[in-house]
Amino acid sequence: ENRGFFTLKDFDSGVNQDITDFREDLLGKFVSLELAWKDCIGTGRAERVDKDTFVKRCSLSLTSRWKRTHLEHIFSLLLPAPMVGRGLVIQEDLELLLVNVPIKERQALRVAQPKPLQKSGLLATVLQTSLAPLTTKKSGGNHNEIPSVTVADLHKILKTQFGSVFSGWVR
């Protein structure tokens, strides 16, 4: 393919796929790298995480498809160059997970910023059904009104209703 530049996929399609799969699972649960670090990898005040801690925390938070050897491989990919001499992962190392994401989309994946979403079609139906108790309380029983929904709320609703955010989004 002659596009005038090289991508990670051109050099190592296996690593590219590993990074993509891990990022999608991580962000599928935590919405942003910032929240993934705070709620999964570097919980508490941990500024640096060793391999065993990384593997343990990711094993508890992500799908069971991530075996220890897979997570150890991801950990090794996140580490800086060997000459740096650091054997621990820090939050900034998660930037590697965005290497194959278009530049315009990266900021939204770094930091969670809840935003109200426009609701129409099937999405509106799912939101009305999932948020019926909230709608009744907030609007005095008028089911044509839907309360504002954050990205995190939508994520939970789509995952609950369709099994995954992607499946719900494409419907």
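See the structure printed just above.
Draft legend 1. Here's a closer look at the environment of Glu72. With respect to the helices, strands and loops of the structure, Glu72 is situated in helix H5 (residues 68-78). Looking at Glu72, the relative accessible area reads 24%, which means it is partly exposed. Distance in space between the C-alpha atoms of Glu72 and Phe54 is 8.2 Å, their sequence separation being 18 residues.

Draft legend 2. Quick look at the side chain of Ser32. Along the chain, Ser32 turns up in the loop between helix H2 (13-30) and helix H3 (33-41). A polar atom in the side chain of Ser32 sits 3.0 Å from the backbone nitrogen of Leu35.

Draft legend 3. Examining the packing of H2 against H3 more closely. Taken N-terminus to C-terminus, the directions of H2 and H3 make an angle of 80 degrees; their axes are 9 Å apart at the nearest point. When the interaxial angle is binned, H2 and H3 end up roughly perpendicular. Residues Leu26, Leu27 and Phe30 of H2 touch H3, and the partners they reach there are Leu33, Leu35, Ala36, Asp39, Cys40 and Ile41. Per-class residue counts for the contact of H2 with H3 are 8 nonpolar, no polar and 1 charged.

Conventions we followed
Going along each chain's sequence as written, the residues are numbered from 1 onward. Given that the model is predicted, a residue must reach a pLDDT of at least 70 before its local features are reported, and side-chain atom pairs must reach 80 or more before they are shown or counted; all residues, however, enter totals for whole chains, interfaces and linings. The side-chain numbers reported here are obtained from all heavy atoms of the structure, hydrogens and water having been left aside. The way it works is that DSSP assigns letters per residue, a run of H or I at least four long becomes a helix, a run of E at least two long becomes a strand, and they are numbered from the N terminus. Under the scheme applied here, a residue whose accessible area is under 20% of the maximum for its type counts as buried, over 50% as exposed, and between as partly exposed, the area being computed with a 1.4 Å probe on protein chains only. In the analysis that follows, any N or O atom pair within 3.5 Å is treated as a polar contact, provided that within protein one partner can donate a hydrogen and the other can accept it, and provided that, for residues neighboring in sequence, both atoms belong to side chains. Axis lines are fitted to C-alpha atoms, over the contacting stretch for helices. Their N-to-C directions set the angle, which ranges from 0 to 180 degrees. By the definition adopted for this analysis, an angle is roughly parallel if under 35 degrees, roughly antiparallel if over 145, roughly perpendicular if from 65 to 115, and oblique otherwise. Throughout, a contact is declared for two residues whenever any of their heavy atoms are within 4.5 Å. Put simply, Ala, Val, Leu, Ile, Met, Phe, Trp, Tyr, Cys and Pro go in the nonpolar bin, Asp, Glu, Lys and Arg in the charged bin, and everything else, Gly too, in the polar bin.

Interpretation note: all reported values are geometric properties and have no functional meaning in isolation.
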